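For reference, the chains in residue letters:
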Amino acid sequence: MDNNLAESTQTEPGTEQKIMMAARKVFFQKGMDGARMQDIANEAGMNKALLHYYFRTKEQLFETIFQESAGRFIPRVKQILASDDSFYVKIDRFCTEYITMAMANPFIPMFVLSEANKQSDSFLQKLFGGAAPDLSVFKKQLEDEIKAGQVRPISFEQLLMHMLGICIFPFLSRPILNTLLHIDNEQFMQLMQERKQAATDFILHAIRK
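Calculation notes
Throughout, a residue's number is its position along its own chain's written sequence, starting from 1. It should be noted that, the model being predicted, local features are given only for residues of pLDDT at least 70 and side-chain atom pairs only at 80 or more, the latter also being counted only at that level, while totals for whole chains, interfaces and linings use all residues. Only hydrogens and water are set aside; all other atoms, that is, all heavy atoms of the structure, feed into the side-chain values. Helix axes are fitted to C-alpha atoms over the stretch in contact, other axes to C-alpha atoms as well, and angles between N-to-C directions run from 0 to 180 degrees. Helix numbers and strand numbers start at the N terminus; a helix is a DSSP run of H or I with at least 4 residues, a strand a run of E with at least 2. Oblique is the label for any angle not covered by the other classes, which are roughly parallel (under 35 degrees), roughly antiparallel (over 145) and roughly perpendicular (65 to 115). Here, residues are in contact when the closest pair of their heavy atoms is within 4.5 Å. For this classification, Asp, Glu, Lys and Arg are treated as charged, while Ala, Val, Leu, Ile, Met, Phe, Trp, Tyr, Cys and Pro are nonpolar and the rest, including Gly, are polar. UniProt positions are given in the numbering used here, feature names are shortened, and annotations may be inferred rather than shown by experiment. Throughout, nonpolar core names a set of buried Ala, Val, Leu, Ile, Met, Phe, Trp, Tyr and Cys residues whose side chains join them through atoms within 4.5 Å. Residue burial is assigned from relative accessible area. The probe radius is 1.4 Å, only protein chains are included, and a residue is buried under 20% of its type maximum, exposed over 50%, and partly exposed in between. Domains are outlined according to an automatic or database domain assignment. Two aromatic rings from Phe, Tyr or Trp, using only the six-membered ring of Trp, form a pair when their centres are within 6.5 Å; if the ring planes differ by under 30 degrees the pair is stacked, by over 60 it is edge-to-face, and anything between is tilted. In a helix, the anticipated span is given by 1.5 Å times the number of residues less one. The angle between axes fitted to the seven-residue stretch ending at a residue and the seven-residue stretch beginning at it gives the bend at that residue. For this analysis, a salt bridge means a side-chain nitrogen from Lys or Arg found within 4 Å of a carboxyl oxygen belonging to Asp or Glu.

In the nomenclature of an unreviewed UniProt entry, the protein is known as TetR family transcriptional regulator of Sediminibacterium goheungense.

Below, the structure written as structure tokens:
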């Protein structure tokens, strides 16, 4: 490694995070397949040699971002669903946490869907850290709310699909929504910010008596 590159790595302690921020933006704009390391280097304002010093390949960079995001999000979801919070608070927290994560990494939902379909068992084991979230507490709360007459009869499976679909689908269909609604990525993100509350309100309105 030449002296200039060595000095750069020593005098810029935030370089790795700068690269990851730039990569997130490029992955969002161009997708995993369309993004190039040169695009990321340009966005980060550095030469490609320095970028390759930190991350040898685009795949390695994407994997680092994915693991960091999943490493923060999955434990939070597990904690939310297994906590002593009320049934309604859990729905609100789940929607808020998921949409917040997806807004920070809007390319990840499509990646997860693609990888889960290609290598479901091994990938999901890795995604969930070896153990899927425990849904038993949340399921029991739904059953109790139905018995108490507070919630319309609905299967737990259908409720879970509603929650996932309402939170995930906008990110999977972003190009279509941008075209149909005549909006750009910045306006899409504003809609997603508003959707945190809108998703919760929609679900609760649909299931409450």
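The structure having been displayed, the exposition proceeds.
(A) Region of interest: the packing of helix H5 (residues 58-82) against helix H6 (residues 87-104). Interaxial distance between H5 and H6 falls to 9 Å at its minimum, and their mutual angle equals 175°. Relative to H6, H5 is oriented roughly antiparallel. Mapping the contact onto sequence places Phe73, Arg76, Val77, Gln79, Ile80, Leu81 and Ala82 in H5 and Lys90, Arg93, Phe94, Glu97, Tyr98 and Met101 in H6. When its residues are assigned to classes, the contact of H5 with H6 shows 8 nonpolar, 1 polar and 4 charged.

(B) The UniProt feature "DNA-binding region" (unreviewed entry) in the protein, seen in detail. Feature annotation in UniProt assigns "DNA-binding region" (unreviewed entry) to the following positions: residues 36-55. Along residues 36-55, the helical share is 75% and the strand share 0%, with 13 Å between the first and last C-alpha atoms.

(C) Spotlight on the nonpolar core. The biggest cluster of nonpolar side chains holds 60 residues, and the ones touching the most others in it are Ile40, Phe87 and Ile91. Both domains that furnish three or more residues to this core are identified here as domain 1 (13-56) and domain 2 (69-207). Those residues in contact with Ile40 that sit more than four places away from it in its chain are Ile19, Ala22, Ala23, Val26, Phe27, Leu51 and Leu61.

(D) How the structure looks around the packing of aromatic side chains. Counted according to the given criterion, the structure contains 10 aromatic pairs. An angle of 75° between the planes, with centres 5.9 Å apart, marks the rings of Phe138 and Phe156 as edge-to-face. Linking Phe138 in helix H9 (residues 136-147) with Phe156 in helix H10 (residues 156-172), this pair joins segments that are 18 residues apart in sequence. The class for Phe138 is buried, based on a relative accessible area of 1%. Members of the aromatic cluster, joined through ring pairs, are Phe87, Tyr88, Phe138 and Phe156.

(E) Here's a closer look at helix H2 (residues 15-34). Relative to the 28 Å expected for 20 residues at 1.5 Å per residue, H2 spans just 23 Å between its end C-alpha atoms, considerably shorter than the ideal helical length. Most pronounced at Phe28, the bend in H2 amounts to some 85°. All of the buried residues in H2 are Thr15, Ile19, Met20, Ala22, Ala23, Arg24, Val26, Phe27 and Phe28. Of the surrounding elements, those touching the buried residues of H2 are helix H3 (37-44), helix H4 (48-54), H5, H6, helix H11 (174-181) and helix H12 (185-207).

(F) Examining the pattern of salt bridges more closely. Counted under the stated rule, the structure contains 7 salt bridges. A salt bridge links Arg36 to Asp39; the nearest nitrogen and oxygen atoms lie 3.0 Å apart. Its relative accessible area of 11% is what places Asp39 among the buried residues. For Glu97, the salt bridge is made with Arg76, and the minimal N-O distance between the two is 2.7 Å. Separated by 21 residues along the polypeptide, Glu97 in helix H6 and Arg76 in helix H5 bring together distant segments of the chain. Taken together, the salt bridges that share partners define one network made up of Lys30, Arg36 and Asp39.

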